[in-house]
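Close look at the chain arrangement
Each chain is listed here by its residues.
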Amino acid sequence: MKLIKPDSTQIPYGLRAMKMVAEAAGEIHPSARKLIMAAQNHLGGTAVPLEGLAPITPEELAAHITEPALRLQLIQGMVAVSLVSDFPPQKQIDVIHSFANGFGIHSELLQTVQKAVDGHMLVFRMCYLRRTHLKDAIKTQINQSGPIGTAKAMANLAGLMEDKSLSAKYEA
């Protein structure tokens, strides 16, 4: 996936929207703050503090972010911000939906995340994997771990078993 760099005039508008997603559930989680700051540094070379950024309406955001690919990238970034600390509350997904609707985007990604928010974890995992690089991941897993290791990995993804050492690494 190629990242699109917004021009310097667009960055504050995207930041305002990202901040609204991050704070929709209350205080901005430190992981969400770090992700937003890293994204703006990487994509725009900026380090605008989130404090003091005013809210933005979907209409105002759409007026300043007009390229379809950049709009989709921003929605994907909003989803990443909502997922960075845990599965998002409905309030965050509602904010993302409002911006997606303002952009005229109907994203399967949002439908997939909604499954997790609704507690349908197995369906969420399968939809997520289907829409990502599952085929490549399975080929790599077979090459690295063989059929038995691949079966264990798939059971882990489906939530049927847990790799405690791997879970501990990610929890840390």
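Residues numbered from 1 in each chain as written. Predicted model: local features only at pLDDT ≥ 70, side-chain atom pairs only at ≥ 80, totals over all residues. Heavy atoms only, no water.

1. Thoughts on the pattern of salt bridges
Counted under the stated rule, the structure contains two salt bridges. The partner of arginine 16 in a salt bridge is glutamate 60, and the shortest N-O contact between them spans 3.2 Å. Of this pair, arginine 16 sits in helix H1 (residues 11–23) while glutamate 60 is found in helix H3 (residues 58–64), placing the two residues 44 residues apart along the sequence. Residue arginine 16 is classed as buried on the basis of its relative accessible area, which comes to 14%. For glutamate 60, a relative accessible area of 28% corresponds to the partly exposed category. For glutamate 51, the salt bridge is made with arginine 33, and the minimal N-O distance between the two is 2.8 Å. Of this pair, glutamate 51 sits in the loop between helix H2 (30–44) and H3 while arginine 33 is found in helix H2, placing the two residues 18 residues apart along the sequence. Given a relative accessible area of 28%, arginine 33 falls into the partly exposed group. (Salt bridge = Lys/Arg side-chain N within 4 Å of Asp/Glu carboxyl O. Helix = DSSP H or I, 4+ residues; strand = E, 2+ residues; numbered from the N terminus. Buried < 20%, exposed > 50% of the residue type's maximum accessible area, 1.4 Å probe, protein only.)

2. Description of the side chain of arginine 71
Structurally, arginine 71 is set in helix H4 (residues 68–83). Despite its burial, arginine 71 pairs with no opposite charge; the closest candidate is glutamate 67, at 7.3 Å N-O. Contacts of arginine 71, omitting those with residues within four sequence positions, involve Ala62, Ile65, Thr66, Phe103 and Ile105. (Lys, Arg positive; Asp, Glu negative; His and termini not counted. Contact = heavy atoms within 4.5 Å.)

3. A few points about the nonpolar core
Counting 31 residues, the largest nonpolar core has Leu61, Ile75, Met78, Ile96, Phe99 and Phe103 as its most contacted members. Sorting the residues of this core by element identifies H1, H2, H3, H4, helix H5 (90–103) and helix H6 (108–117) as the ones contributing at least two each. Once residues lying within four places of it in the same chain are set aside, the contact partners of phenylalanine 99 are Ala17, Met20, Ile56, Thr57, Pro58, Leu61, Ile75 and Met78. (Core = buried A, V, L, I, M, F, W, Y, C linked by side-chain atoms within 4.5 Å.)

4. Side note on the packing of H1 against H5
The N-to-C vectors of H1 and H5 enclose an angle of 155°; their axes lie 8 Å apart at closest approach. Taken together, H1 and H5 sit at an angle that is classed as roughly antiparallel. The two elements H1 and H5 meet at a crossing, and its hand is right-handed. From H1, Ala17, Met20, Val21 and Ala22 reach across to H5, where they touch Gln92, Val95, Ile96 and Phe99. Residue composition of the contact of H1 with H5, grouped by class: seven nonpolar, one polar and no charged. (Axes fitted to C-alpha atoms, helices over the stretch in contact; angles between N-to-C directions. Parallel < 35°, antiparallel > 145°, perpendicular 65-115°, else oblique. Left-handed = near helix turned anticlockwise from the far one by under 90°. Nonpolar A, V, L, I, M, F, W, Y, C, P; charged D, E, K, R; others polar.)

5. With respect to H1
Along an α-helix, residues three or four apart share an orientation, since each turn contains 3.6 residues. Between its terminal C-alpha atoms H1 stretches 18 Å, which fits the 18 Å expected from 13 residues at 1.5 Å a residue. Most of H1 sits inside the fold, with ten of its 13 residues counted as buried. Among the residues of H1, Ile11, Tyr13, Gly14, Leu15, Arg16, Ala17, Met18, Lys19, Val21 and Ala22 are the ones counted as buried. Of the surrounding elements, those touching the buried residues of H1 are H2, H3, H4 and H5. (Expected span 1.5 Å × (residues − 1).)

6. Observations concerning the packing of H4 against H5
Interhelical geometry of H4 versus H5 gives an angle of 180° and a closest axis separation of 10 Å. One element, H4, and the other, H5, form an angle in the roughly antiparallel class. Contacts between H4 and H5 involve Arg71, Leu74, Ile75, Met78, Val79 and Ser82 from the former and Gln92, Ile93, Ile96, Phe99, Ala100 and Phe103 from the latter. Grouping the constituent residues of the contact of H4 with H5 by class yields nine nonpolar, two polar and one charged.

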